[in-house]
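Next come the chains, spelled out residue by residue.
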Amino acid sequence: MTEQGGPPPRPARAESREAAELRAIKADHPELAEAVDLHLEILELHRRIQGRVPLPALDVTEEILTRHNGEGRPVLKFETIPLDLTDLRLMVRQTADVLRRHGALEDADYQEVQSLGRDMKLVAVVGQWYRSAAESHAMAAVGMGHGSPQPAAIGAPVSQVLGLAMRPFLSRCAEVLQQRAELAIWTHAHCALCGGEPDFSVITPAAERHLICSRCTLRWKFEPLTCPYCRNADRARITSFATPDGRYRVYACDVCHRYLKAYDGRRASRPVMPLVDGVATLPLDAAAMQRGYS
Ligand SMILES: [Zn+2]
Ligand SMILES: [Zn+2]
């Protein structure tokens, strides 16, 4: 249950660990100030909503996860996400405001998102955005290729807004699956919960690599030297390099030319924080792109 219109029920708290880490990045790297400010606002939006999203009841048994793994089909149905329409509208419109304010969203895209936020079709469009990732993997798994026959594909800028706006809802769902031992059954490179692609990873103290979903932030174990985008497992064709302090690492694939960043938790003083580490590694993105990866 959520209160509508009133102040958020969350009690006032000291600044979060993530916000403190973001401010530290800004102090050390003034050139990242704009990105830090943008993400501080996104973080605050997420905190405000996330606290009142109920945990969903996920039906996850060994049998169910084994079946889903065989089909490459993620477990979370769109209908199961605890979406409050008022909160969703708020997230979509305010996320667009934040991106616009920091110059990360063009005028036309901003207008499109704002009208979407007022539209009765919002849930249908979000549903299409959510299902497109899940369905493309399920079809690939049964040999139907990656081509998704969606009538009107959602453009990248709108997808970016929807991804950020849905994060508080999806990450609550991820909390449920993250606790389950059955998650170890999942062998795919896409997310077991929502079907999203990984866009970050973490190396554990046991030297395992866990992929992190770009949509819901679920983490799951995956071969440390296999490219999650094309499954290239030839070590000679994976280029890996680290930041001078050893905190972050890039795995770049010389077959599909994509790359994945990792937080090296083996020598770390704090856990991985996908939003924070995404900002901290913006220079690493530039380095990877300079080498021809995307
Ligand atoms: Zn996910
Ligand atoms: Zn690859």
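If you're wondering where the values come from, they're calculated on a predicted model, not measured in any experiment. (Residues numbered from 1 in each chain as written. Chains lettered and ligands numbered in written order. Predicted model: local features only at pLDDT ≥ 70, side-chain atom pairs only at ≥ 80, totals over all residues. Heavy atoms only, no water.)

(A) Representation of the packing of aromatic side chains within the structure. Under the definition given, this model contains two aromatic pairs. Where F78 meets Y130, the ring centres are 5.9 Å apart and the plane angle is 35°; that geometry is what we call tilted. Of this pair, F78 sits in the loop between helix 3 (62-71) and helix 4 (85-101) while Y130 sits in helix 6 (residues 122-141); the two residues are 52 residues apart in sequence, bridging distant segments of the chain. Y130 carries the same exposure label as F78, and that label is buried. Plain terms: the ring middles of Y248 and Y263 are 5.6 Å apart, the flat faces sit at 55° to each other, and that makes the pair tilted. You can see Y248 sitting in strand 5 (residues 248-253) and its partner Y263 sitting in strand 6 (residues 259-264), a full 15 residues away along the chain. Exposure remark for Y263: the relative accessible area of 1% places this residue in the buried category. The ring centre of Y229 lies 3.8 Å from the NZ or CZ of R258, which sits over that ring. (Phe/Tyr/Trp six-rings, centres within 6.5 Å; stacked < 30°, edge-to-face > 60°. Helix = DSSP H or I, 4+ residues; strand = E, 2+ residues; numbered from the N terminus. Buried < 20%, exposed > 50% of the residue type's maximum accessible area, 1.4 Å probe, protein only. Lys NZ or Arg CZ within 6 Å of the ring centre and 35° of its normal.)

(B) Summary view of the side chain of Q114. Within the fold, Q114 resides in helix 5 (residues 107-118). Reaching out from Q114, the side chain makes a polar contact with the backbone oxygen of R93 at a distance of 3.2 Å. Apart from residues no more than four positions distant in its own chain, Q114 is found in contact with R93, A96 and D97. (Polar contact = N/O pair within 3.5 Å; in protein donor to acceptor, adjacent residues only side chain to side chain. Contact = heavy atoms within 4.5 Å.)

(C) Geometry of the coordination of the zinc ion (ligand 2). Distances from the zinc ion (ligand 2) to its protein donors, namely C227 (SG), C230 (SG), C253 (SG) and C256 (SG), fall within the range 2.3 to 2.4 Å. Viewed at the metal, the four donor atoms of the zinc ion (ligand 2) are separated by angles of 103 to 115°, and the geometry they form is tetrahedral. Of note, the donors binding the zinc ion (ligand 2) are all from one chain and are spaced C-x2-C-x22-C-x2-C. Judged by its relative accessible area of 1%, C253 falls in the buried class. (Donors = N, O, S within 2.8 Å, 3.2 Å for Na, K, Ca; no water. Tetrahedral: all angles 85-135°; square planar, octahedral: opposite > 155°, others 65-115°.)

(D) Up close: the coordination of the zinc ion (ligand 1). Here the zinc ion (ligand 1) is held by C191 (SG), C194 (SG), C213 (SG) and C216 (SG), and the distances to it run 2.3 Å. Around the zinc ion (ligand 1) sit four donor atoms; with metal-centred angles ranging over 97 to 123°, the donor geometry is tetrahedral. You can call C216 buried: its relative accessible area is 0%.

(E) Layout of the pattern of salt bridges. This structure, assessed with the given rule, holds 17 salt bridges. Its salt-bridge partner being D119, residue K121 comes within 4.0 Å of it at the nearest N-O pair. Residue D119 is classed as partly exposed on the basis of its relative accessible area, which comes to 27%. Through salt bridges that share partners, E21, R270 and D277 make up one connected network. (Salt bridge = Lys/Arg side-chain N within 4 Å of Asp/Glu carboxyl O.)

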